[in-house]
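# Understanding the architecture of this molecule
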Amino acid sequence: MSAPNKSYDPVEVEALKPEEIERMRDEALAAFAAAGGLDALHEAKVAHTGPTSPLSLANREIGALPPQAKAEAGKRVGMARGAVNKALAARQAELEAERDARVLVEEAVDVTLPHDRLPAGARHPLTTLCERIEDVFVAMGYEVAEGPEVETEWFNFDALNFGPDHPARAMQDTFFVQGKAAADSGSAAGSAESGVVLRTHTSPVQVRAMLDREPPVYVVCPGRVYRTDELDATHTPVFTQVELLAIDEGLTMADLKGTIEHMVRSLFGEGLTTRLRPNYFPFTEPSAELDMQCYVCRGESAGNPDRPCRTCSSEGWIELGGCGMVNPRVLIAAGIDPEKYSGFAFGFGIERLLMFRHNVEDMRDMVEGDVRFTRPFGMEI
Ligand SMILES: [Zn+2]
């Protein structure tokens with residue numbers, strides 16, 4: 001039986017040779033330095049400091065050494081592991097700082113960028129102009145009234161004092177949905193003698209408003225109307241009208257003129273005046289065309305070749321629409337006593353108003369839905 005090995009022989013434990021431990025340490029340091037990211041560094045950490053890493057295995061070998069060699073080997077391995085852990089922590093901090101800096105750049109929010117590259121839509125200028133007009137009248141105490149676009153002939157013509165052979169009833173002016181005979185068997189409102197048409201004006205809403213309400217009646221009636229026109233630069237088969245109706249005791253043409261003048265000033269500016277020209281409509285008596293003073297030249301272009309005006313064609317006046325005192329026959333048809341009440345009505349086309357208010361030269365632009373037309377009117381909602 002041999003005596004216990006009391007002399008240290010480093011050759012016996014290959015893994016604990018100083019140069020071997022240096023190699024393990026240097027490999028670990030090189031692997032950490034080469035790690036380009038935190039994931040790669042984690043892999044290098046497992047390989048060089050984990051339980052199966054060469055240095056950990058070498059550490060276990062220390063126990064097998066003779067006592068006098070343990071201290072020296074332990075010191076060497078401990079210093080190597082210390083250096084490795086220090087290098088690991090340094091590289092870890094370095095890579096984390098790099099990641100944080102990158103995240104700051106990549107996830108930065110530029111608050112000056114436009115928040116949405118899709119342009120927001122806007123309502124059609126006809127709609128906004130129409131509502132602006134409604135607002136003028138609502139502020140004066142009027143009520144907004146609407147009615148059906150498919151209307152009986154009775155509401156569209158008869159109740160408004162259009163004679164049975166009035167030219168407006170002809171097929172070349174009016175879209176008929178149902179002829180008289182077809183409507184006879186239907187349950188259309190009005191009467192058995194009434195056909196059904198696409199309303200040619202918003203005046204039937206006035207009749208409905210008078211039938212629905214007790215006087216005094218103050219309504220503004222906006223809406224689409226239909227006539228058999230071809231679509232061109234100045235005509236469209238579908239267009240928008242606003243009509244107003246006031247029924248009260250003692251109303252006169254002066255009330256009508258004052259009301260319209262207020263609307264003109266609200267829409268076009270202070271100081272503009274209006275004028276009436278005699279005309280004829282079946283549903284008003286007396287009837288008139290209403291002109292407003294040109295809001296661009298204020299009438300100064302009329303008879304003045306040095307100052308031509310495109311807006312009013314140097315007339316000084318712009319034709320707005322038709323108006324008049326409600327015909328007593330219409331009041332009777334709507335069940336209102338013409339001895340006690342009188343009323344005035346005024347109607348005009350919004351397309352024409354939009355044309356001269358905003359220098360729109362072609363009516364087709366308003367119906368084609370091209371955003372290049374509507375966008376310059378702004379984002380009014
Ligand atoms: Zn003018």
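Basis of the calculations
- Residues numbered from 1 in each chain as written.
- Predicted model: local features only at pLDDT ≥ 70, side-chain atom pairs only at ≥ 80, totals over all residues.
- Heavy atoms only, no water.
- UniProt positions renumbered as here; feature names shortened; annotations may be inferred.
- Helix = DSSP H or I, 4+ residues; strand = E, 2+ residues; numbered from the N terminus.
- Rg over C-alpha atoms; globule rule 2.2 N^0.38 Å.
- Buried < 20%, exposed > 50% of the residue type's maximum accessible area, 1.4 Å probe, protein only.
- Contact = heavy atoms within 4.5 Å.
- Areas by Shrake-Rupley, 256 points an atom, 1.4 Å probe, with all protein chains shown as cover.
- Lys, Arg positive; Asp, Glu negative; His and termini not counted.
- Charge placed at Lys NZ, Arg CZ, Asp CG, Glu CD.
- Donors = N, O, S within 2.8 Å, 3.2 Å for Na, K, Ca; no water.
- Salt bridge = Lys/Arg side-chain N within 4 Å of Asp/Glu carboxyl O.
- Pairing = 2+ DSSP bridges.
- Domains from an automatic or database assignment.
- Polar contact = N/O pair within 3.5 Å; in protein donor to acceptor, adjacent residues only side chain to side chain.

An unreviewed UniProt entry annotates the protein chain as Phenylalanine--tRNA ligase alpha subunit of Streptomyces olivoverticillatus. In its Sequence similarities (unreviewed entry) section, UniProt records this for the protein chain: "Belongs to the class-II aminoacyl-tRNA synthetase family. Phe-tRNA synthetase alpha subunit type 1 subfamily." Heading Catalytic activity (unreviewed entry) of the UniProt record for the protein chain holds this comment: "tRNA(Phe) + L-phenylalanine + ATP = L-phenylalanyl-tRNA(Phe) + AMP + diphosphate + H(+)".

We now examine the overall build of the protein chain. Helices and strands together make up the secondary structure of the protein chain, namely 13 helices and 10 strands. Its C-alpha radius of gyration of 46 Å places the protein chain more than 25% over the 21 Å reference for a compact globule of 381 residues. A buried classification covers 39% of the 381 residues belonging to the protein chain. Contacts in the protein chain between residues at least 24 apart in sequence constitute 65% of all its contacts with a sequence separation of at least 6. Surface accessibility of the protein chain: about 20,900 Å² in total, with carbon and sulfur atoms responsible for 53%. Between the mean site of the 38 positive side-chain charges and the mean site of the 60 negative ones, the protein chain shows a separation of 10 Å.

This part is about the coordination of the zinc ion. Only C294 (SG), C297 (SG), C309 (SG) and C312 (SG) from the protein coordinate the zinc ion, and they sit 2.2 to 2.3 Å from it. In primary-sequence terms, the residues that donate to the zinc ion follow C-x2-C-x11-C-x2-C. You can see C294 sitting in the loop between β8 (284-293) and β9 (317-326) and its partner C312 sitting in the loop between β8 and β9, a full 18 residues away along the chain. Judged by its relative accessible area of 0%, C294 is buried.

Another point: the pattern of salt bridges. Throughout the structure, instances matching the rule amount to 19 salt bridges. E143 is paired through a salt bridge with R213; the nearest N and O atoms lie 2.7 Å apart. Taken together, the positions of E143 in strand β1 (residues 143-144) and R213 in the loop between α8 (203-212) and β5 (217-226) put the pair 70 residues apart, joining distant regions of the chain. For E143, a relative accessible area of 39% translates into the label partly exposed. Among the charged side chains, a network of salt bridges with common partners joins R275, R277, D291 and E319.

Once that is clear, we can look at the UniProt feature "binding site: Mg(2+)" (unreviewed entry) in the protein chain. Per the UniProt record, the feature "binding site: Mg(2+)" (unreviewed entry) sits at E285. Along the polypeptide, E285 turns up in strand β8. A relative accessible area of 46% means that E285 is categorised as partly exposed. Leave out the neighbours within four places in its chain, and E285 touches M325, V326 and N327.

This paragraph deals with the pairing of β5. Extensive coverage of β5 is indicated by the burial of eight of its 10 residues. For β1 and β5, the ladder comprises two bridges, and the chain directions are parallel. Bridge pairing links E143 to V219 in β5.

Quick look at unusual backbone geometry now. Cis rather than trans, the peptide bond between P215 and P216 has omega equal to 0°. On the secondary structure map, P216 appears in the loop between α8 and β5. A cis amide bond links E285 to the next residue, P286, at an omega of -5°. Inspection of the secondary structure puts P286 in strand β8.

On to the domain arrangement of the protein chain, then. The figure often quoted for interface size is the accessible area lost as the parts come together. According to the domain assignment, the protein chain consists of domain 1 (14-106) and domain 2 (125-377). Relative placement of domain 1 and domain 2: their C-alpha centres are 91 Å apart.

Considering the arrangement of structural elements, one finds T236 in the loop between β5 and β6 (238-248). A distance of 2.8 Å separates a polar side-chain atom of T236 from the backbone oxygen of V238. Those residues in contact with T236 that lie beyond four places of it in its chain are D229, E230, L231, M363 and V367.

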